[in-house]
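What the coordinates show
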Amino acid sequence: MADPVSKELFNRAFKVIPGGVNSPVRAFRAVGGEPIFIREARGSVLVGADGSEYVDYVGSWGPMILGHAHPEVVHAIQQAATKGASYGAPTESEIIMAERIRDAVPSMEMSRLVSSGTEATMGALRVARGYTGRDLVVKCIGGYHGGADYLLVKGGSGLATLGEPDSAGVPAAIAETTLLVPYNDGYALEKVFAERGNEIAAVIFEPVAGNMGCIPPDPIWLDALRTQTQNHGALLVCDEVMTGFRVAWGGAQALYDIRPDLTCLGKIIGGGLPVGAYGGRREIMEKVAPLGPVYQAGTLSGNPLAVAAGLATIELLLRPGVYEDLERKGDEVQALLEQHAQRAGVPITVQRVGSMLTAFFRAKPVRNWDEAADTDREAFGRWHAALLENGVYWPCSQFEAAFVSLAHDADSLSKTGRAFRAAFAGL
Ligand code: KE4
């Protein structure tokens with residue numbers, strides 16, 4: 001488990017930071033362990049506080065698709081820093097970022113930069129409500145879109161249900177502006193629109209679910225999302241904070257030919273620094289202040305250092321063969337998982353889209369939250385701890401996706417295979 005140096009740091013952190021971490025998942029509570037404190041990272045390797053090295057499959061939960069401390073990204077940040085950290089005034093680099101986003105994701109004719117995925121989804125849903133004049137939002141049970149009050153809701157029983165607060169501090173009245181449907185369930189979506197279609201401003205969804213583990217979309221589900229929103233005058237909001245530039249240059253909407261009205265981005269477009277973006281059709285985005293009546297602002301929105309890191313990252317992703325390389329690496333990690341689990345007689349189902357994947361500790365496919373929840377999380381926790389003992393840093397929750405980077409080379413993958421063999425054998 002955690003090395004002695006991390007243990008000491010965790011005890012210290014606990015005194016001054018809630019749970020000792022600045023984001024809950026990092027506390028390792030879902031796997032029953034204590035976090036490893038990280039000292040530095042390079043390529044596919046994380047270096048723990050005691051100097052131990054780990055092959056990293058978290059990648060900061062998605063942003064580090066090039067691997068850590070890529071020299072060209074580091075250089076871009078250093079160069080930008082010499083010109084000042086933040087101006088609170090427009091810069092040309094923000095125009096270039098908006099143009100790159102539009103070129104890669106044509107549905108984002110116009111976009112606004114913010115500082116996190118949460119701000120991106122909040123912005124997108126506020127403009128959807130402002131544009132339609134409607135209040136209700138539909139999300140999926142098990143979908144995660146950041147920390148806005150009305151998105152921290154869970155479904156009750158039944159197919160299409162009113163949101164109930166999924167966090168203390170979320171007023172019931174706010175939670176009730178959110179309706180929930182199971183992921184990949186076009187029937188439930190049709191039902192909720194039949195009942196309340198004229199009150200629904202938008203449906204927000206992850207085109208590849210990544211926050212209940214990796215769940216690819218069913219084509220019928222994707223059709224239902226576009227048809228139902230179109231027929232009832234609601235907007236389709238594609239949350240590509242995780243999948244944007246991850247599963248394809250143009251995101252999941254390019255992979256699955258989805259035509260959303262609004263899209264949210266984050267993670268990779270910041271190259272590890274805080275950036276988010278939301279955008280879509282011009283006639284919708286022209287509702288955003290100062291042009292239109294929908295207010296949204298941010299002191300560090302479009303921050304020059306973060307934009308420099310993001311631009312350097314997406315430029316490198318434009319190089320020929322990058323996504324084929326990510327596909328090959330993802331496929332190899334999947335094959336290693338399946339091979340060693342089978343050899344040890346451990347039932348798992350690996351679900352993968354490109355370089356994002358999840359090993360579900362269950363024998364059958366996972367299409368929604370209920371099926372994701374029907375996994376052996378106790379075994380997953382023991383497997384996670386054994387991987388750490390064997391030098392692999394895997395996402396510390398069954399309900400997270402793992403990420404392979406361009407820096408995962410043959411040496412990373414052979415170390416990973418050995419760790420998988422040991423960890424599955426020990427279950
Ligand atoms: P942030 O506010 O954390 O930058 O983005 C929120 C968000 C929005 N949409 C999707 C699809 C997301 O996956 C996220 C954040 N993802 C989690 C990992 N599953 C961030 C990790 C964390 O919460 O510490």
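Report follows, based on the coordinates. Note that the structure is predicted; figures quoted are calculated from it, not measured.

This next bit is on the overall build of the chain. Of regular secondary structure, the chain possesses 14 helices and 17 strands. Expressed along its principal axes, the backbone C-alpha trace of the chain runs to roughly 55 × 55 × 45 Å. Burial status across the chain gives 55% buried among its 427 residues. For the chain, the exposed area adds up to about 17600 Å²; of that, 53% sits on carbon and sulfur atoms.

Here we come to the sheet that holds strand 1 (residues 38–42). On the basis of which strands lie adjacent, the open sheet formed by four strands has the order 1-2-3-16 and mixed pairing. Either end of the sheet is taken by a strand with one partner, and the two such strands are strand 1 and strand 16 (392–393). Sheet topology note: the strand 3 (residues 53–56)/strand 16 ladder contains two bridges and is parallel. Of the residues in strand 16, the one forming a bridge with V55 is V392.

With that out of the way, let us pick up the site of the ligand. What surrounds the ligand is a group of 16 residues, the closest being S23, T118, N211, D239 and E400. For the ligand, a nitrogen atom lies 2.8 Å from a polar atom in the side chain of D239. In isolation the ligand has 530 Å² of accessible area, and contact with the protein removes 85% of it. For the shell around the ligand, a count of residues per class yields five nonpolar, seven polar and four charged. In terms of domain composition, the shell around the ligand takes at least three residues from each of domain 1 (4–69 + 321–425) and domain 2 (71–317).

What follows covers helix 10 (residues 304–317). Spacing of three or four residues puts side chains on the same side of an α-helix, whose turn is 3.6 residues. With 14 residues, helix 10 should cover 20 Å at 1.5 Å per step; its first-to-last C-alpha distance of 20 Å lies within 8% of that length. Helix 10 sits mainly inside the fold: 13 of its 14 residues count as buried. Among the residues of helix 10, the N-terminal cap falls to N303, whose side-chain oxygen and the backbone nitrogen of L305 are separated by 2.9 Å.

Reading the values: the criteria
Residues numbered from 1 in each chain as written. Predicted model: local features only at pLDDT ≥ 70, side-chain atom pairs only at ≥ 80, totals over all residues. Heavy atoms only, no water. Helix = DSSP H or I, 4+ residues; strand = E, 2+ residues; numbered from the N terminus. Buried < 20%, exposed > 50% of the residue type's maximum accessible area, 1.4 Å probe, protein only. Areas by Shrake-Rupley, 256 points an atom, 1.4 Å probe, with all protein chains shown as cover. Pairing = 2+ DSSP bridges. Near = heavy atom within 4 Å. Polar contact = N/O pair within 3.5 Å; in protein donor to acceptor, adjacent residues only side chain to side chain. Nonpolar A, V, L, I, M, F, W, Y, C, P; charged D, E, K, R; others polar. Domains from an automatic or database assignment. Expected span 1.5 Å × (residues − 1).

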